[in-house]
Amino acid sequence: MTELLVLRAGALTTLQDLGRPGYAHLGVPRSGALDTAAHALANRLLGNPAGAATLETTFDGVTLRALSPVTVAVTGAPCAVRVCGRPAAWGAPVRLRAGAELDVGRAESGLRGYVAVRGGFAVPPVLGSRATDLLSGLGPPVLTAGTVLPVGPPGPDPVSGTDTLRVPAAPGAPGVPGELVLPLRPGPRADWFTGASLARLLTARYRVSGASNRIGLRTEAGPPLTRARGGELPSEGMVLGAVQVPPDGLPVVFLADHPVTGGYPVVGVVPEGPALDAAAQARPGVGVRFVGVGFVAEG
C-alpha cells in the first residue's frame, strides 16, 4: 500500500475534498476545501478527479515522508517547497522516492495551502466525504505528527515517459491581497437593519479578525450594523456565504464548516466562487469591503 507519514502537522492541517452536501436536513454541514479553486488545481495537476481528498494546510505548512514512491503537487498560498532539503516546484507535479521528505513551508502570502497526491488520500469516507468538519467533528481527525495517510490507486499519469508535463503548470503565485472585496446579494433579513446602516455596510471598510476560522470569517474595526427592529429571530437555515450579524453588529461570513441553522439575522449572501476562495486566503488584518449586488439601501 502506498502511504505518506506526517512528520510535522503544522498549525492546522486537515483532509478536505468537495464536502458532503445534501445533509443539511440532518444537521450536517457541507464542509470541504475552503479554497475550492486551489484544491481543484492541485488534483488536476496530478490527473486526479476534482473530488479527490487533499491536505489543507494553515499558514505554516506541513512535512511528510513518502513511505512509497508518489507524485505530489502543492497549490494555494505560495510557499517554499523542499524535497530532502532541496528546492522543489510549487504549482507543478513533484515526484518523491520512497523515504523522501516533502516540506511545505510557511505561506508567503495568503493563508491556506493544498497538498495533493496522485491517487488522492484514501482515508475512510464519512457520509460520502473524506472532509474534516471542525464544527460537527465528522470526518478524519485533524492531522498530528505520526499519522499515516493511505493513498488511493492512481488515475491517468499527467507526466509522459519523457518527463514532459501533459498539463499546464499552475498560474503564477498571487501577490499579497491588500483588500478582500466581497460581492453581497440581499439576504432574507436585510429589513432587520436600518437603511442608513445598510448604506454604511456597502461603503465601509472592515478588517479580517484574528478570530476567523473554517466556520466563518469574522470582521472587526468597521461600523456595526444597527437593527431596525428588536426581538429574537427563530433559528433558520444557513447557506455557504451567508453574512450573519451577531449582537455586536459586525458581519460574519459563513465558510465551509458553518452551522446549518442560526438565530441571528442574515443581512446578505456572498455567492459561491472566487470571492469565497479569496476569503479562505485572507489573513487577519486584511481589509474587507462589501459591494452590493442588487442591494437597495433606503434611508
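Computed from a predicted structure; not experimentally measured.

Overview of the overall build of the protein chain
Here's step 1: Summing up its helical and strand segments, the protein chain has three helices and 20 strands in all.
Here's step 2: Expected size for 299 residues packed as a compact globule is a radius of gyration near 19 Å; at 20 Å, the protein chain falls within 12% of this value.
Here's step 3: For the C-alpha atoms alone, the extent of the protein chain along its principal axes is close to 65 × 40 × 30 Å.
Here's step 4: Taken over 299 residues, the protein chain has a buried fraction of 49%.
Here's step 5: Long-range pairs, those at least 24 residues apart, make up 78% of the contacts in the protein chain between residues at least 6 apart in sequence.
Here's step 6: Accessible area of the protein chain: about 12,700 Å², with a carbon and sulfur share of 57%.
Here's step 7: Side chains of the protein chain carry 25 positive and 21 negative charges; the gap between the two charge centres is 4 Å.

Structural notes on unusual backbone geometry
Residues other than glycine predominantly adopt negative phi, and peptide bonds predominantly adopt the trans conformation.
Here's step 1: A positive phi is found at F59, a non-glycine position, where the angle reads about 70°.
Here's step 2: If you trace the backbone, F59 turns up in the loop between β3 (54-58) and β4 (62-66).
Here's step 3: Backbone geometry at C84 places phi at a positive 50°, although glycine is not the residue there.
Here's step 4: You can see C84 is positioned in the loop between β6 (79-83) and β7 (86-88).

Overview of the environment of A199
Here's step 1: With respect to the helices and strands, A199 occurs in helix α2 (residues 195-201).
Here's step 2: Separated by 26 residues in sequence, A199 and L225 place their C-alpha atoms 9.8 Å apart.

Overview of the sheet that holds strand β8 (residues 94-96)
Here's step 1: If you walk across this open sheet you meet the five strands as β2-β3-β10-β5-β8, and the pairing is antiparallel. The sheet is open, and its two edges are formed by β2 (14-16) and β8, each paired on a single side. Ignoring strand direction, the axes of neighbouring strands in this sheet form an average angle of 35°.
Here's step 2: Examined bridge by bridge, strand β5 (residues 70-76) and strand β10 (residues 112-117) share five bridges and lie antiparallel to one another. By the bridge assignment for β10, V72 is matched with V117.

Structural notes on helix α1 (residues 36-45)
Here's step 1: Burial in α1 covers these residues: A38, H39, L41, A42, N43 and L45.
Here's step 2: Note on α1: the residue one or two positions beyond its end, G47, has a positive phi of about 80°.

Notes on the pairing of β4
Here's step 1: Counting buried positions over the five residues of β4 gives four, a clear majority of the element.
Here's step 2: Here four bridges tie strand β1 (residues 3-8) to β4, and the two strands are oriented antiparallel to one another. Within β4, the residue paired with R8 across the bridge is T63.
Here's step 3: As paired elements, β4 and strand β9 (residues 101-107) share four bridges and run antiparallel to each other. Note that in β9 the partner of V62 across the bridge is V104.

Some thoughts on the confidence of the model for the protein chain
Here's step 1: Averaged over every residue, the pLDDT of the protein chain is 91; the share at 70 or more is 91%.
Here's step 2: Taken together, the stretch residues 160-170 has pLDDT below 50 and engages in 18 contacts with residues farther than four places along the chain or on a different chain.
Here's step 3: For the stretch residues 172-176, pLDDT sits under 50, and the model shows seven contacts to residues farther than four places along the chain or on other chains.

Overview of the packing of aromatic side chains
Here's step 1: A full pass over the atoms with the stated rule returns one aromatic pair.
Here's step 2: Between the aromatic rings of Y206 and F290, the centroid separation amounts to 6.1 Å while the plane-to-plane angle is 75°, which identifies the pairing as edge-to-face. One end of the pair, Y206, is in strand β13 (residues 206-208); the other, F290, is in strand β20 (residues 287-292), with 84 residues separating them in the sequence. Of the two residues, Y206 and F290, both sit in the buried class.

Focus on the sheet that holds β7
Here's step 1: Spatially, six strands are ordered β7-β6-β9-β4-β1-β11 in an open sheet, and the strand pairing comes out antiparallel. Every other strand in the sheet has two partners, leaving β7 and β11 (148-150) as the edge strands with one partner each. Ignoring strand direction, the axes of neighbouring strands in this sheet form an average angle of 30°.
Here's step 2: Both β6 and β7 contribute to a ladder of three bridges, which runs antiparallel. For V81, the partnering residue across the bridge sits in β7 and is A88.

Conventions and cut-offs
Residues numbered from 1 in each chain as written. Predicted model: local features only at pLDDT ≥ 70, side-chain atom pairs only at ≥ 80, totals over all residues. Heavy atoms only, no water. Helix = DSSP H or I, 4+ residues; strand = E, 2+ residues; numbered from the N terminus. Rg over C-alpha atoms; globule rule 2.2 N^0.38 Å. Buried < 20%, exposed > 50% of the residue type's maximum accessible area, 1.4 Å probe, protein only. Contact = heavy atoms within 4.5 Å. Areas by Shrake-Rupley, 256 points an atom, 1.4 Å probe, with all protein chains shown as cover. Lys, Arg positive; Asp, Glu negative; His and termini not counted. Charge placed at Lys NZ, Arg CZ, Asp CG, Glu CD. Pairing = 2+ DSSP bridges. Axes fitted to C-alpha atoms, helices over the stretch in contact; angles between N-to-C directions. pLDDT = per-residue confidence, 0-100. Phe/Tyr/Trp six-rings, centres within 6.5 Å; stacked < 30°, edge-to-face > 60°.

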